[in-house]
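Examining the three-dimensional arrangement
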Amino acid sequence: MILIINFISSPNTRRWPEEHDVARDLGPRGKMCRRLGIPLSRITAKDPDKDPVLRRPYPPGQHGATARTSVSDFARRLREKQKLKLYYGLLEKQCRAAFQEARGAPGNTGTVLLQLLESRLDSLVLRAGLATSIRQARQFVRHGYLQVDGKRADIPSFRVKPGSEVRFHAAHLKLAVVQESFSRMKSRSVPAYVQVLGEGEGLRYVRLPEREEIPVDVNEPFIVEYYAQRS
């Protein structure tokens, strides 16, 4: 289920910019994680009793445990694309737009695609362990908890430049949900391209990541082939 909200103003009021339009996937994330075999979050992956993927490692549905796995070339490519969308919490339009941008940039298209997605503000918040899931990271951004180089940023897809610093606003840093999230993620493994500032006050985006550093288990050549064939 996808919820789309457009803030439409009356003729006497000013309309919000397009980037403030909200589109979110509110579907059953647990079922999709089970279908693709991806842990629900970095926290539940350590606790099998709370993770539906580890508790029931087979697709959802009445015949999920005995279902035959599709092995067609199209199914393999589609599965990798769906995994990518789930990892980053993307809608199809957002994923396709990122691919089109990566295809027009120099370098390996699959690697550039992942680098673009890793440069998103919500992705970096998750990588630094400031949130327990991509949905919580997006919530922190949307609620205006974070600043990029001293300026408030509330768009999850905001592209952070290497060398930039992302910090919680002083008032929001004291919130219980923020403190609890960071304390739960203290044992996190932070990639080398992200540096945590202080005791969870924020992060520094050091540089663009190398492919082997990105903790996303997808076959990006399959994703490139999927979109190239459907262009």
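Owing to the predicted nature of the structure, the values given are computational and were not obtained by experimental measurement. (Residues numbered from 1 in each chain as written. Predicted model: local features only at pLDDT ≥ 70, side-chain atom pairs only at ≥ 80, totals over all residues. Heavy atoms only, no water.)

As for the sheet that holds strand β7 (residues 202-205)
- Taken together, five strands build an open sheet; the order of strands is β4-β3-β5-β7-β6 and the sheet is antiparallel. The outermost strands of the open sheet, each flanked by one partner alone, are β4 (151-152) and β6 (194-197).
- Alignment of strand β5 (residues 165-168) against β7, held across three bridges, turns out to be antiparallel. Across the sheet, residue glutamate 165 finds its bridge partner in β7, namely arginine 204. (Pairing = 2+ DSSP bridges. Helix = DSSP H or I, 4+ residues; strand = E, 2+ residues; numbered from the N terminus.)

Examining the nonpolar core
- Of all hydrophobic cores here, the largest spans 44 residues; its most connected members are Leu84, Tyr88, Leu121, Leu146 and Phe168.
- Residue contributions to this core peak at five residues, all from helix α5 (residues 109-118).
- Counting the residues that make up this core, at least three belong to each of domain 1 (29-51 + 72-116 + 218-229) and domain 2 (121-212).
- Setting aside residues no more than four positions away along its own chain, leucine 146 makes contact with Val125, Phe140, Val141, Lys151, Arg152, Ala153, Val166, Arg167 and Phe168. (Core = buried A, V, L, I, M, F, W, Y, C linked by side-chain atoms within 4.5 Å. Buried < 20%, exposed > 50% of the residue type's maximum accessible area, 1.4 Å probe, protein only. Domains from an automatic or database assignment. Contact = heavy atoms within 4.5 Å.)

What about α5?
- Within α5, 10 of the 10 residues are buried, which leaves the element mostly enclosed by the surrounding structure.
- Contact partners of the buried residues in α5: α3 (73-88), α4 (92-103), α6 (121-127), β7 and α10 (220-229).
- You can read the cap of α5 off the contacts: a side-chain oxygen lies 3.0 Å from the backbone nitrogen of glycine 110, and it is on asparagine 108. (Polar contact = N/O pair within 3.5 Å; in protein donor to acceptor, adjacent residues only side chain to side chain.)

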